[in-house]
Amino acid sequence: MAAAHISTLSSSLEKKSNILSSKILRAHLFSLSKTLRKPSFPSEPHKQSLICSSKNPISDVILSSRGKPDGKIVDINEYDDEKPREECGVVGIYGDPEASRLCYLALHALQHRGQEGAGIVTVHDNVLQSITGVGLVSEVFDESKLDQLPGNSAIGHVRYSTAGASMLKNVQPFVSGYRFGSVGVAHNGNLVNYKALRAMLEDNGSIFNTSSDTEVVLHLIAISKARPFFMRIVDACEKLEGSYSMVFLTEDKLVAVRDPFGFRPLVMGRRSNGAVVFASETAALDLVEATYEREVYPGEVLVVDRGEVQSLCLMRHPEPKACIFEHIYFALPNSVVFGRSVYESRHAYGEILATEAPVDCDVVIAVPDSGVVAALGYAAKAGVPFQQGLIRSHYVGRTFIEPSQRIRDFGVKLKLSPVRAVLEGKRVVVVDDSIVRGTTSSKIVRLLKEAGAKEVHMRIASPPIIGSCYYGVDTPSPEELISNRMSVEEIREFIGADSLTYLPFDSLKKLLGSDSPNFCYACFSGMYPILPREVKVKRVGNLAVGRCPTCIRIMSLTGGGKFLKEFKRIYRNDIPCKMRGDYDHDKETRAVKVVLTYRHGVGNSMIKSFA
Ligand code: SF4
């Protein structure tokens, strides 16, 4: 059982909590309503196991007494070309006596959207109670924890985040007190103006306890002068830029909000007893036997109060930009997302690939699990049998002990096992949902050939990914994306496939028909609906590179000659937005200050031991 944070926050902080009665904890909680002190963390490496006991959003971290096993421990993701990762799933339940248990089940249905932390907040006798923890939903919660969360209303959250101590304090929902009460929030998305908002709030005295962008929402609510309460939420949301599907819980209301572009999904359903349920995907509604009613519309604020649902469309209405990657990869195939069946979408992607990139083959297989439905579509259209040529292990953990004699493609082999009986002597079409860095694809092709496949033809059920996502999906930097650096033919050669075809971008749009303009394709097209504000400058080889905050073109410090050649080698498909690059050596630290001045802005960074 993973350790969990347990906290209680009441609108009247003198009110007795029926859950936690320690005087020390009360004092701590009282201070929470005024100022949120910064937590301190031990400086141990993040691969240590951690347990935590804290009052969210304040976390205290204690090193686990669990010892590390002997031998070389490897994070298998280091060996893996990780897929883009969804960063969260949210749930809200109003009006059911088993709210926390239903929330727990709904979070379980959303587990694929985040595996590194989970939390539930309920309201009981006007007191907000919270349990959050690190790990899977089933690891954070058990019978006794759910017993500590009585109440008819609840919100919940599953989180994906980078591993490490910083994650503990970032596990949601966050709960905070403000002048007129308490509020809990769970957020799926990413705020592109987070740093600017945080700087503004800190300049005005706000003290932050987490590094999560969601915390700015609580501070904005606290300083808003709007009345009634849900207008504070609207007031706060109007200052946000980026993607957010959020649920808020107060002493008597549940509020669901979706950003004006509607990047991330949020749906509403109802149970037979009238309880209202919000969730990131319909799969969660199905599990708690709630009937799907509709989406929360982009820019809509839904307030549930005494069983009544009030819809307020108070935010501006640009053209929606729903994330197409939800259909390609993130969402469960049994979900309906943005009003479309994910299963049908993926099946159609496979059919398009079979029509537009046919090849003589004996068998169609999938890279499980996300490639399966597209492979079924390909096989059906091509009239070729679909078989399970790769078996995914569902029991693989995050870290493994590798023998001292290194095993080639260790991480991929732990996850995927080829079936020789399906592959030997066959011409194989293998369907995957996307290629990110290209390293996993090359390992998969090698596995298939080692298992006897005569030919391996790779079909990808998405267009090439050329850009990072700024709206709630963890993607590698553009420099790491193979499609940003290589042509399709070069990628084919790199991964060792006999042929390689991506889903054509135009065919994807054609499939979406009149809905096509309502989707975001920025990671395929580089056309960002909301431009990121911050300029990051990174060292890549002998280059300092960033992206112009306005036109998103690569910015680089070329310095002519050698640098220019290097730049052209790495960014052959990108048009630089370079105006001038300067750098300064710091003799003491040996770091180099890089200043990039471009058509649309300035980026600078200290880069250690820059050549
Ligand atoms: S950039 Fe890509 S992953 Fe991000 S919201 Fe747009 S389509 Fe989705």
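Quick caveat: nothing in here was measured; it's all calculated off a predicted structure.

Undergrad: How do you make sense of the overall build of the protein chain when you look at a structure like this?
TA: Within the protein chain, the secondary structure is distributed over 20 helices and 36 strands. For the protein chain, buried positions account for 56% of its 611 residues. Long-range contacts, defined here as pairs at least 24 residues apart, represent 67% of the contacts in the protein chain between residues at least 6 apart. About 25,400 Å² of surface is accessible on the protein chain, with carbon and sulfur atoms providing 51% of the total.

Undergrad: What is the right way to read the nonpolar core from this model?
TA: Within soluble globular proteins, side chains that are nonpolar tend to cluster in buried spots. Counting residues in each nonpolar core, the largest one holds 45 residues, and the members touching the most others are I324, F325, V364, Y471 and F524. When residues in this core are grouped by element, the largest group, five residues, is from helix α11 (residues 342–356). Shared between two domains, this core holds at least three residues of each, these being domain 1 (4–68 + 88–318) and domain 2 (338–520). Every residue in contact with Y471, bar those within four places of it in the chain, is listed here: G189, N190, V192, S243, F263, R264, C520, Y528, P529 and I530. The next biggest cluster of nonpolar side chains, apart from the first, holds 29 residues, and it includes V185, L220, A236 and M246.

Undergrad: Would you mind showing me how to read helix α18 (residues 505–512) here?
TA: Because an α-helix completes one turn every 3.6 residues, residues spaced three or four positions apart along the sequence face the same direction. Within α18 the residues assigned to the buried category are S507, L508 and L512. Along the axis of α18, the buried residues cluster in a sector spanning 140°; they form a single face. Projecting away from the buried face of α18 at angles above 90 degrees are the exposed residues D506 and K510. Looking at the buried positions of α18, the neighbouring elements they touch are β21 (340–341), α11 and β30 (519–520).

Undergrad: Looking at this model, I keep getting lost on the confidence of the model for the protein chain. Mind explaining?
TA: Caution applies to low-pLDDT parts of the model: their predicted coordinates are not meant to be read in detail. Residue-level pLDDT values for the protein chain average 78, and 70% of them are 70 or greater. Under a pLDDT of 50 for its full length, residues 548–561 has, in the predicted model, 61 contacts with residues more than four places off or in other chains.

Undergrad: What's the story with the site of the ligand in this structure? I'm lost.
TA: Every residue near the ligand is listed here: R264, C323, I324, F325, C469, Y471, V473, C520, A522 and C523. By residue class, the composition of the shell around the ligand is nine nonpolar, no polar and one charged.

Undergrad: What exactly am I supposed to notice about the pattern of salt bridges here?
TA: Where charged atoms from two side chains of opposite charge approach closely, those side chains can pair. Applying the stated criterion across every chain yields a total of 21 salt bridges. The partner of R113 in a salt bridge is E281, with the nearest N and O atoms 2.7 Å apart. Pair noted here: R113 is in the loop between α2 (99–109) and β7 (117–124) and E281 is in the loop between β15 (276–279) and α9 (282–287), with a separation of 168 residues, a long-range link. Residue R113 is classed as buried on the basis of its relative accessible area of 0%. A residue is classified by how much of its surface remains accessible, and E281, at 0% relative accessible area, is buried. One salt-bridge network, held together by shared partners, links R113, R264, E281 and E326.

The rules we used
Residues numbered from 1 in each chain as written. Predicted model: local features only at pLDDT ≥ 70, side-chain atom pairs only at ≥ 80, totals over all residues. Heavy atoms only, no water. Helix = DSSP H or I, 4+ residues; strand = E, 2+ residues; numbered from the N terminus. Buried < 20%, exposed > 50% of the residue type's maximum accessible area, 1.4 Å probe, protein only. Contact = heavy atoms within 4.5 Å. Areas by Shrake-Rupley, 256 points an atom, 1.4 Å probe, with all protein chains shown as cover. Core = buried A, V, L, I, M, F, W, Y, C linked by side-chain atoms within 4.5 Å. Domains from an automatic or database assignment. Arc of directions from axis to C-beta. pLDDT = per-residue confidence, 0-100. Near = heavy atom within 4 Å. Nonpolar A, V, L, I, M, F, W, Y, C, P; charged D, E, K, R; others polar. Salt bridge = Lys/Arg side-chain N within 4 Å of Asp/Glu carboxyl O.

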